Protein chains: 4
Amino acid sequence: MAKVQIKGAIPPMITPFKENGDVDYESHSRNMELWNESDLGGYLVLGSNSEAIYLTEEEKIEMVKLTVQKAKKGRIILAGTGMESTRETISLTNKAADAGADAALILTPFYYGGNMNDEALINFFSEVADNVTIPVLIYNVTKFTHINISANAVATLSRHPNIVGMKDSSGNIPQLVAFKSVITEDFNLIVGTASAWYPALTLGVKAGILALTNIAPDGCAQVQKAYEKGDHKEAREIYERLFPVNTAITATYGVAGLKYAADLLGYKGGFVRSPLLPVREKEKVQIKEILQKARLL
Amino acid sequence: MAKVQIKGAIPPMITPFKENGDVDYESHSRNMELWNESDLGGYLVLGSNSEAIYLTEEEKIEMVKLTVQKAKKGRIILAGTGMESTRETISLTNKAADAGADAALILTPFYYGGNMNDEALINFFSEVADNVTIPVLIYNVTKFTHINISANAVATLSRHPNIVGMKDSSGNIPQLVAFKSVITEDFNLIVGTASAWYPALTLGVKAGILALTNIAPDGCAQVQKAYEKGDHKEAREIYERLFPVNTAITATYGVAGLKYAADLLGYKGGFVRSPLLPVREKEKVQIKEILQKARLL
Amino acid sequence: MAKVQIKGAIPPMITPFKENGDVDYESHSRNMELWNESDLGGYLVLGSNSEAIYLTEEEKIEMVKLTVQKAKKGRIILAGTGMESTRETISLTNKAADAGADAALILTPFYYGGNMNDEALINFFSEVADNVTIPVLIYNVTKFTHINISANAVATLSRHPNIVGMKDSSGNIPQLVAFKSVITEDFNLIVGTASAWYPALTLGVKAGILALTNIAPDGCAQVQKAYEKGDHKEAREIYERLFPVNTAITATYGVAGLKYAADLLGYKGGFVRSPLLPVREKEKVQIKEILQKARLL
Amino acid sequence: MAKVQIKGAIPPMITPFKENGDVDYESHSRNMELWNESDLGGYLVLGSNSEAIYLTEEEKIEMVKLTVQKAKKGRIILAGTGMESTRETISLTNKAADAGADAALILTPFYYGGNMNDEALINFFSEVADNVTIPVLIYNVTKFTHINISANAVATLSRHPNIVGMKDSSGNIPQLVAFKSVITEDFNLIVGTASAWYPALTLGVKAGILALTNIAPDGCAQVQKAYEKGDHKEAREIYERLFPVNTAITATYGVAGLKYAADLLGYKGGFVRSPLLPVREKEKVQIKEILQKARLL
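Residues numbered from 1 in each chain as written. Chains lettered and ligands numbered in written order. Predicted model: local features only at pLDDT ≥ 70, side-chain atom pairs only at ≥ 80, totals over all residues. Heavy atoms only, no water.

Here's the deal with the interface of chain A and chain B
Between chain A and chain B, the contact holds 41 residues from the first and 41 residues from the second. Taken together, both faces of the contact between chain A and chain B bury some 3,300 Å²; the carbon and sulfur share is 58%. It is A:Arg87, A:Tyr111 and A:Tyr112 in chain A that bury the most area against chain B; as a group they hold 25% of the surface buried on that side. Where chain A touches chain B, the interface holds four salt bridges. (Contact = heavy atoms within 4.5 Å. Buried area = accessible area lost by both parts, 1.4 Å probe. Salt bridge = Lys/Arg side-chain N within 4 Å of Asp/Glu carboxyl O.)

Notes on the pattern of salt bridges
Side chains that differ in sign of charge can pair as their charged atoms come close. Scanning all chains against the criterion turns up 52 salt bridges over all chains. Two residues, D:Asp39 and D:Lys225, come together in a salt bridge whose shortest N-O distance is 3.3 Å. With a gap of 186 residues between them, D:Asp39 in the loop between helix H1 (25–36) and strand S2 (42–45) and D:Lys225 in helix H9 (residues 217–228) connect regions that are remote in the sequence. Residue classification places D:Asp39 among the partly exposed positions, given a relative accessible area of 49%. For D:Lys225, a relative accessible area of 41% translates into the label partly exposed. One connected set of salt bridges, linked through shared partners, spans A:Arg30, A:Glu33 and A:Lys70. (Helix = DSSP H or I, 4+ residues; strand = E, 2+ residues; numbered from the N terminus. Buried < 20%, exposed > 50% of the residue type's maximum accessible area, 1.4 Å probe, protein only.)

Some thoughts on the relation of the copies chain A and chain C
Between chain A and chain C, which share one sequence, the superposing operator has a rotation angle of 180° and an axial displacement of 0.0 Å; the RMSD is 0.0 Å. Each copy turns onto its partner about a two-fold axis. Counting the interface residues of chain A, we find that 100% of their copies in chain C are interface residues as well, pointing to one common contact surface. (Least-squares fit on C-alpha atoms with pLDDT ≥ 70 in both.)

Describing the sheet that holds strand S7 (residues 188–191) of chain B
Residues and elements named next belong to chain B. Spatially, the eight strands line up as an open sheet ordered S1-S8-S7-S6-S5-S4-S3-S2, and their pairing is parallel. For this open sheet the edge positions go to strand S1 (8–10) and strand S2 (42–45), each flanked by a neighbour on one side alone. Taking the axes of each pair of neighbouring strands and ignoring which way they run, one obtains an average angle of 25° across the sheet. Pairing analysis gives two bridges linking S7 to strand S8 (residues 207–209), with the strands arranged parallel. Within S8, the position partnered with Ile190 by the bridge is Ala207. Here helix H4 (residues 118–130) sits on the sheet in contact with strand S4 (103–107), strand S5 (136–140) and strand S6 (163–168), set at roughly 155° to S4. Sitting on the sheet, helix H7 (residues 173–180) is in contact with S5, S6 and S7, with an inclination near 170° to S6. (Pairing = 2+ DSSP bridges. Axes fitted to C-alpha atoms, helices over the stretch in contact; angles between N-to-C directions.)

Points about the environment of B:Val68
By secondary structure assignment, the location of B:Val68 is in helix H2 (residues 57–70). Apart from the residues lying within four places of it in its own chain, the contact partners of B:Val68 are B:Lys73, B:Ile77, B:Ala99, B:Gly100 and B:Ala101.

Notes on the relation of the copies chain A and chain B
The two copies are related by a screw operation: chain A maps onto chain B through 180° of rotation and 0.0 Å of translation along the axis, at an RMSD of 0.0 Å. Both copies present the same face, since 100% of the interface residues in chain A are matched by interface residues at the equivalent positions in chain B.

Digging into the interface of chain A and chain C
Where interface size is quoted, it is often the accessible area lost as the parts come together. Every contact between the two is made by 18 residues of chain A and, on the other side, 18 residues of chain C. Counting the surface lost from both chain A and chain C, the interface buries some 1,500 Å², and carbon and sulfur atoms represent 65% of this. At the junction of chain A and chain C, the tally comes to two salt bridges. For C:Glu240, the salt bridge identified is with A:Lys180, shortest N-O distance 3.3 Å.

Looking at the packing of helix H10 (residues 232–264) of chain B against helix H11 (residues 281–293) of chain B
Residue and element names in this part refer to chain B. Closest axis-to-axis distance for the H10/H11 pair is 10 Å, and the angle between their directions is 100°. In terms of axis orientation, H10 runs roughly perpendicular to H11. Packed against H10, whose contacting residues are Pro244, Val245, Ala248, Tyr253, Gly257, Tyr260, Ala261 and Leu264, the element H11 presents Glu283, Lys284, Gln286, Ile287, Lys288, Ile290 and Leu291 at the interface. For the contact of H10 with H11, a count of residues per class yields 10 nonpolar, two polar and three charged. (Parallel < 35°, antiparallel > 145°, perpendicular 65-115°, else oblique. Nonpolar A, V, L, I, M, F, W, Y, C, P; charged D, E, K, R; others polar.)

Considering the arrangement of the chains
Nowhere do chain B and chain C come into contact; their C-alpha atoms are at least 18 Å apart. With no contact formed, the shortest span from any C-alpha in chain A to any C-alpha in chain D equals 18 Å.

Here we look at the sheet that holds strand S4 (residues 103–107) of chain C
All names here are of chain C. Here eight strands make up an open sheet; going across it, the order is S1-S8-S7-S6-S5-S4-S3-S2 and the pairing parallel. Sheet topology places strand S1 (8–10) and strand S2 (42–45) at the edges, where each strand pairs with a single neighbour. In this sheet, neighbouring strand axes are inclined to one another by 25° on average, regardless of whether the strands run parallel or antiparallel. The pairing of S1 with strand S8 (residues 207–209) spans three bridges and is classified as parallel. Note on S8: the bridge partner recorded for Gly8 is Ala207. Running at roughly 155° to S4, helix H4 (residues 118–130) makes contact with S4, strand S5 (136–140) and strand S6 (163–168) of the sheet.

A look at the packing of aromatic side chains
As enumerated under the stated definition, the model contains 42 aromatic pairs over all chains in all. A centroid spacing of 5.0 Å and a plane angle of 80° characterise the contact between B:Phe124 and B:Phe125, whose relative ring orientation is edge-to-face. Across the pair, B:Phe125 and B:Phe124 agree in class, each one buried. When the ring of C:Tyr112 is compared with that of D:Tyr54, the centres are 5.5 Å apart and the planes differ by 65°; the resulting orientation is edge-to-face. Placement of C:Tyr112 in the loop between S4 and H4 and of D:Tyr54 in the loop between S2 and helix H2 (57–70) is noted, with the two residues assigned to different chains. By the burial criterion, C:Tyr112 is buried, and D:Tyr54 matches it. Put simply, the rings of A:Tyr54, A:Phe110, A:Tyr111, A:Tyr112, A:Phe144, B:Tyr54, B:Phe110, B:Tyr111, B:Tyr112 and B:Phe144 touch in pairs and so form one group of aromatic residues. (Phe/Tyr/Trp six-rings, centres within 6.5 Å; stacked < 30°, edge-to-face > 60°.)

Regarding the packing of helix H1 (residues 25–36) of chain B against H2(B)
Residue and element names in this part refer to chain B. Where H1 meets H2, the axes come as close as 10 Å, and the angle between the chain directions of the two elements is 35°. Along this stretch, H1 crosses H2, giving a crossing that reads as right-handed. Contacts from Tyr25, His28, Ser29, Met32, Glu33 and Asn36 in H1 reach Glu59, Glu62, Met63, Leu66, Thr67 and Lys70 in H2. Here the residues of the contact of H1 with H2 sort into four nonpolar, four polar and four charged. (Left-handed = near helix turned anticlockwise from the far one by under 90°.)

As for helix H7 (residues 173–180) of chain D
All names here are of chain D. Most of H7 sits out of view: six of its eight residues are buried. Within the span of H7, buried status applies to Ile173, Pro174, Gln175, Leu176, Val177 and Phe179. Two or three places before Gln175, at the start of H7, stands the capping residue Asn172, its side-chain oxygen 3.0 Å from that residue's backbone nitrogen. (Polar contact = N/O pair within 3.5 Å; in protein donor to acceptor, adjacent residues only side chain to side chain.)

Quick notes on the confidence of the model for chain A
Mean pLDDT over chain A works out to 97, with 100% of the residues at or above the 70 mark. Among the prediction metrics, the complex's ipTM stands at 0.97, with pTM recorded as 0.96. (pLDDT = per-residue confidence, 0-100.)

Quick look at the side chain of A:Glu84
Inspection of the secondary structure assignment puts A:Glu84 in the loop between strand S3 (76–80) and helix H3 (86–98). No salt bridge is formed by the buried A:Glu84; its nearest oppositely charged neighbour, A:Lys60, is found at 11 Å. Separated by 3.0 Å, the side chain of A:Glu84 and the backbone nitrogen of A:Phe110 make a polar contact. Looking at A:Glu84, its side chain comes within polar contact range of the main-chain nitrogen of A:Tyr111, at 3.2 Å. Setting aside residues up to four positions removed in sequence, A:Glu84 forms contacts with A:Pro109, A:Phe110, A:Tyr111, A:Phe124, B:Ile53, B:Tyr54 and B:Pro275. (Lys, Arg positive; Asp, Glu negative; His and termini not counted.)

Now the structure itself:
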């Protein structure tokens, strides 16, 4: 049976919070209405940019339900359901599936990082994939986990019928090529940072789950469309224009910066949840300048 | 009001699991009966060696209750109640307090490590300490969190009336001295690895939360007793004899190794929870040899 | 005055040694005769793959002279002349210039890495460039130096009239794009690892100094030729076929592996200089297999 | 034949430079006259704090000769003669021996760090020790080399008749204990940072090569004297008083800060050699304050 195919720019959706720290579901709905108007490949709810690590299980399931309800028909809904333990990961994934998620993006467990060798990761993802009701994608995000899954482990896991892809957020293109050289044809290799979007496309990658898509959905989509039409020059120009926004947000200001940029661009960024801190006044000025320079504002 | 004083060797207690992955509460009770017979300074439930990150909230509270019930009277019960979000940390800490914990050992949040600067950590611990019903200790364990709290942050936090100490598991003695030079007199600076136990004592540290205490409670206690009697030679000899056991378990075999050693030494180690893997046959042989060489077996 | 333009695949040439550890100049001459037959963009003598750090000043100058003498006319000769101190770097660079080198590839100083901030690196490269008789290129190779020059420093340095380019060996494509966005039009941004060769071309990079070029000069050149003809598919295919060779040699076996592969492919790899160790028998088998799989052998 | 025994506080002597960057031999002589008046265990010339990596071979030998000539009789002279290649290390060590050095402190080679495994380091130090005319000490300084020699390699090397000790500058006390547990009785384990001086003494270490000894020779010596008299409290007090000076200089300001402090305290610090930068005015104020707080100024 062929694996589901994932294609296009996909936002790892921010989770807006109210000033008191509660989830602002209404603002999330509003954001989705806006994103629905762009030509996106689907949605990721409960990713790193969603502050999912700060959400309770109840909030997570609520966010999945709302996302499923609001999404434009036909768009795939990925839910970040990785927990540290295998049993909790299975449990949460099945709850997200019941809530309507189409597939699960599952973080490499990382607390006992020194023990998360190939064997442990292969066991973990296999056991999860064997016991959940929706397809599984591996989520490799070294920046947050300090784990970097090996090409050997990916080679094995890509052959599991219920493991259908991987999001690699390293931004490391040679590593992406190494992954590409060991996976099966129908395994969805997804790039996880806008910094690597254009070069990834030139190497045959078909989908990107990019923080930048939250605030520049059309730009992210156009890079791919132009590339696929054969207009490499235009694709690269948009990429190079948007690149500094991504670098600033991802590396310098984090989720709080992304949310402030969202506020400026007509979305509902909202508050971050503590212990994250909001951006300072000085940083706000810098974010504005970056957005203006990239002609987003 | 003076802060509570913590003194002695304290085991960060392992959590025994059954083969099916359920918590084996009975085995925990049995272990506590054995530890009660040694001259220990208290107990830590829900630490890193407890696989706390793999426990559900219900299991955590059950473990706290059982620990409180089984502990020899007069021994302090510390509970590891750190979560990633401030609000969940407060909630869990107060539940642990209601379950009988005397104080909370709270991990530095770490998922968004790049944003966990001094300001964020000071805010986090202050807000938690302001809103919980038991005293708070900071838990700095770079090995797992990739966060290393600064002496500046510790200086500020040590002055909060409800932040009463810190466990530093870095094993970095110069760093311990740096912390010591900035804290208040009644702030409990606790060393978090047996590798640093003897040198920490020579620098005035009074308590150690040491994985090794799970399997060598008497040895860990004796290092301190000998030191305090002025018998530095004996203290150092015990320390140097037990040191290789700690290095092997902490650095090489992790929690699974510690549990296997516990099984060998009459405790109930039990299974680890997935995705952790049990020790292999070859490693079992090595652990036996290490325990024999240290005259524990 | 426009800066010299560097283009094409350039081998960071291995330095063959005799069994007694002396430089085997004759073998170097033989290698150059072979490389002269391929369509290369020039030569780098005294790079990291040349074990330059193990050569005396006399040996270095001798290698430059021999390279100049043997090189096919019209090919640019780059010499790696970075030393830790500014004064020795200037001195060696001018000696290499006198020996015929066309430009100098100069390593970021790195011993006191904690002090090599933007200001120090800008001062260093500016002072060197002001005092040498040939153009200067920056050599950024984090793998060996644990220094990673910032885009800010590169922005400044690219405006110096005698600093004409940079070799970035990080393989980090997003970083390459960041550098590209701050440099002047005529500044030669050169990619330093074959792992990044094809994606770098798609981003407008014109030259690569690639260890792989030592043993697969035609393949490295063809990737670029095919790309420039618009045959992206062929370019990518050659790149993906050769990629595993590069990964194996660079990451796994190092210079000793590269030299053994050179021996197998008709070049004179020769011995490494101590403390480097030759490849073991088992590794030889693996290298052979990798070369066969890439259809080089 | 018993190995030479090394004991006491030893300064890794700074190398004063003139404003034009030339070595200021006269100032070095003046410094030595001052250090001769303190109760030191010997001298290290050409260490990391000597900017040895910036000296030519001629300057190095001249520094050794001058040190031998100026040193108080009976004090051991250690010379830092490590080079990247085995053959140059042997050559320089024998020249330093001819110039009067008593023993050589030899850096782990580090440029090809990924290849400097146990086997390579054991081969390197053994081959050097077999071919030089003075005893050899291993110099492990991860901060600069990014290499950390293993206890296994040290165990083997400590059994070589001409390898008489090791300076470990990691400041990592548990690692020091691990080294101590594998070496032979007569192998000189020397601590390489003042941050670890007191705890190292409590573990049986007899010598320290400490940057701080350049500017606080008496304090460094007194810590050991007090400890050995059994006055642990006094030893610890001096250590804790001087500790912040060491931290500031080593971690924050580097060699330039050490030299400025030397100038303030009556020694001849002199200029650093480029690419090192002198301390800024603001840093000068901070250094003064630190010295005043430690009652050195």
